[in-house]
Every structure is written in C-alpha cells, then in structure tokens.
Amino acid sequence: MKNNNFCCDILKESVSDLRSPLGYSPKIREFFIASKDNKHIVQAVNYCPWCGEKFPKDLRDEYFEILKSEYNLELCIFDIKKNKNLPEEFKTDQWWKKRDL
C-alpha cells in the first residue's frame, strides 16, 4: 500500500474525515465502515472502494492471541481502553510492526 497504509489519496482523505463512516484502525490494521448510529458496530472492508486494491489482512485475531499467549491477558475489544495491564506497544501499531506482521 502507498501513502503510509493507504492505497490512494481518496482513501486517505476519507478515513481522515470525521463525517465519513469509513475508518482505519492502525492498532489492528483494519479498514471498516462504522454504523451511523453506533460507532461500536463495524463492518470490515477488504478492498478500497475507490481504486479496488486489496487491503492487507487485518490483525484483529493476532492482536488478541498474542495478548493471551505472551501476556496472559484475555480481553475483548471493549476491555482494551480500560485495561491498565495492557502493554504500551499494544496501544498503537507498534506491536505488529515490531513482529513484522
């Protein structure tokens, strides 16, 4: 992907626009469409809606598997922000960059 995780400028602009339902979570490398009424409900997107490029595989499962296997933390997505034992690297995309995922 070009442009630091974005395949095209339109995608980059769209995920940066707070009015857009399209989003990107660098922590788990996931592109998604958020529900208009509930930002906690999302639908993963696998291809860029504008240029058609396939996105890299998201790392949602790996994120939780590594937290469990390496840190003995069994969390769900809603526990992440309030968990005080979450290692700093798992608050950003550093955990997967460090592991070359």
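As shown above, the structure is provided for reference.
Just so you know, these numbers come straight off a predicted model, no measurement behind them. (Residues numbered from 1 in each chain as written. Predicted model: local features only at pLDDT ≥ 70, side-chain atom pairs only at ≥ 80, totals over all residues. Heavy atoms only, no water.)

A. Local environment of the pairing of strand 2 (residues 30-34). Taking burial as the measure, the five residues of strand 2 include four buried ones, the bulk of the element. Two elements, strand 1 (residues 22-25) and strand 2, share four bridges in a ladder whose sense is antiparallel. Looking at strand 2, one finds that Gly23 is bridged to Phe32. The hairpin formed by strand 1 and strand 2 contains four residues between the paired strands, and Arg29 there has a positive phi angle of roughly 50 degrees. Pairing between strand 2 and strand 3 (residues 42-44): three bridges, direction antiparallel. Across the sheet, Ala34 pairs through a bridge with Val42, a residue of strand 3. (Buried < 20%, exposed > 50% of the residue type's maximum accessible area, 1.4 Å probe, protein only. Helix = DSSP H or I, 4+ residues; strand = E, 2+ residues; numbered from the N terminus. Pairing = 2+ DSSP bridges.)

B. How the structure looks around the packing of aromatic side chains. Counted by the stated rule, this structure contains nine aromatic pairs. Residues Tyr24 and Phe31 carry aromatic rings whose centres are separated by 4.4 Å and whose planes lie at 40 degrees to one another, so their mutual orientation is tilted. Take Phe31: its relative accessible area is 4%, and that puts it in the buried class. Between Tyr63 and Trp95, the ring centres sit 5.4 Å apart and the planes meet at 70 degrees, which makes this aromatic pair edge-to-face. Taken together, the residues Tyr63 in helix 2 (residues 60-71) and Trp95 in helix 3 (residues 94-98) connect sequence positions 32 residues apart. Tyr63 sits in the buried class, given a relative accessible area of 1%. Trp95 gets classed as buried once you look at its relative accessible area, which sits at 0%. These aromatic residues form a ring-pair network of at least three members: Tyr63, Phe64, Tyr71, Phe90 and Trp95. Between Arg29 and the ring centre of Trp96, over which it is positioned, the NZ or CZ distance is 4.9 Å. Sitting over the face of the ring of Trp96, Lys97 holds its NZ or CZ atom 5.8 Å from the ring centroid. (Phe/Tyr/Trp six-rings, centres within 6.5 Å; stacked < 30°, edge-to-face > 60°. Lys NZ or Arg CZ within 6 Å of the ring centre and 35° of its normal.)

Read these as geometric descriptors, not functional statements.
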